[in-house]
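One-letter residues, chain by chain:
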Amino acid sequence: MVAYGAEQRVRLPALRAGWLTQTFVHWSYPVEAVQALLPEPLVVDAYEGVAWVGLTPFVMADVRPPGVPAGLPGVPTFPETNLRTYVRHPGGRDGLWFLSLEVACPLMLAARAVGVPYHPGSLHAARRRETVAYSGRRWAGGVSYRLVVRPGGPVERPTERDVWLTSRWRAYTRRLGLLWETPVEHEPWPLADAGIEVLEETLTASAGLPAPSDEPVVHFSEGVRHVRLGAPRPLPQAAAA
């Protein structure tokens, strides 16, 4: 079972940030449709017999190296949107695999060095009374999305599926023939129910997925403010092969 709270301490973070105003839109897919997009040796981490793909727009706030206080002038805050799925590696540890990441801050493109699939673009995230609106378009390729959600009441007792879809404590990437692991630590997500008012996107098709066939599962969160990202580390070849 995926843990609701962080599975490990990130004692020496490479980066600190807040992940705010986050929406989780999840679609179920046949396992084989998602497995075809994964590199060896990763395998789909299925829940209830199906794979899940999440569209997760949010605001990356107060991005800074350790030792720099939040709110310092010049510390960047910008929208980001991820298309992700859930995987396990041969050692059994679960994590995220990013099918794509849209970002409004070119500085984040440095993470391509360890295989993080960032795409620079024009992104927006804004509250509009009782709704939250997100939109984005890549600078190259014309891939875009538009999402408007209406947050509902708080989820007082997250279900097993709520936790499974939202709580992950490491991400995997692949670069130069190596599998890399990036650990993350933050407080548990404060979740709320949410409804979709507008959803238009070409991210799933661009990633090689068929059009979603079911209605999505949707959550909203005001966010987590104490995110600690560890330095990516290459996994031993025996674990990655």
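Refer to the structure above for everything that follows.
Residues numbered from 1 in each chain as written. Predicted model: local features only at pLDDT ≥ 70, side-chain atom pairs only at ≥ 80, totals over all residues. Heavy atoms only, no water.

Visitor: In this structure, what is going on with the pairing of strand β9 (residues 170-175)? I would like to understand it.
Guide: Two elements, strand β5 (residues 94-103) and β9, share two bridges in a ladder whose sense is parallel. Across the sheet, the residue bridging to W97 is Y172, located in β9. Strand direction decides the pairing type here: β9 and strand β10 (residues 178-185), joined by six bridges, are antiparallel. Residue pairing for β10: A171 is matched across the bridge by T182. (Pairing = 2+ DSSP bridges. Helix = DSSP H or I, 4+ residues; strand = E, 2+ residues; numbered from the N terminus.)

Visitor: Can you walk me through empty space enclosed by the protein in this structure?
Guide: Following the criterion strictly, the structure yields one cavity of 30 Å³ or more and no others. In this model, the largest cavity occupies a volume close to 30 Å³. Forming the boundary of the largest cavity are E102, H119, G121, L123, G136, R137, R138, V143, S144, Y145 and L203. Put simply, the parts of the chain that give the lining of the largest cavity at least two residues each are β6 (118-128), β7 (131-138) and β8 (144-154). Tallied by class, residues from the lining of the largest cavity come to four nonpolar, four polar and three charged. (1 Å grid on protein atoms, 1.4 Å probe; cavity = no way out; pocket = protein on both sides within 12 Å on 5 of 7 lines; lining within 4 Å. Points joined across faces, edges and corners; volume = space filled by probe spheres on them. Nonpolar A, V, L, I, M, F, W, Y, C, P; charged D, E, K, R; others polar.)

Visitor: Got a minute to help me understand the packing of aromatic side chains in this structure?
Guide: Each aromatic ring pair is described using two quantities: the centre-to-centre distance and the angle formed by the ring planes. Considering all chains together, one arrives at five aromatic pairs under this definition. Ring plane angle 20° and centroid distance 6.3 Å describe the contact between W19 and W189, whose orientation is recorded as stacked. With W19 in strand β1 (residues 15-29) and W189 in the loop between β10 and β11 (191-201), this pair connects stretches of sequence that are 170 residues apart. On the accessibility criterion, W189 (3% relative accessible area) is buried. Consider the rings of Y47 and W164, whose centres lie 5.2 Å apart with planes at 40°: the pair is tilted. On the criterion of sequence distance, the pair formed by Y47 in the loop between β2 (43-44) and β3 (51-64) and W164 in helix α2 (residues 160-166) is long-range, its members being 117 residues apart. What links up through ring pairs into an aromatic cluster is the set W19, F24, F58 and W189. Cation over ring: R168 sits above W164, and NZ or CZ is 4.5 Å from the ring centre. (Phe/Tyr/Trp six-rings, centres within 6.5 Å; stacked < 30°, edge-to-face > 60°. Buried < 20%, exposed > 50% of the residue type's maximum accessible area, 1.4 Å probe, protein only. Lys NZ or Arg CZ within 6 Å of the ring centre and 35° of its normal.)

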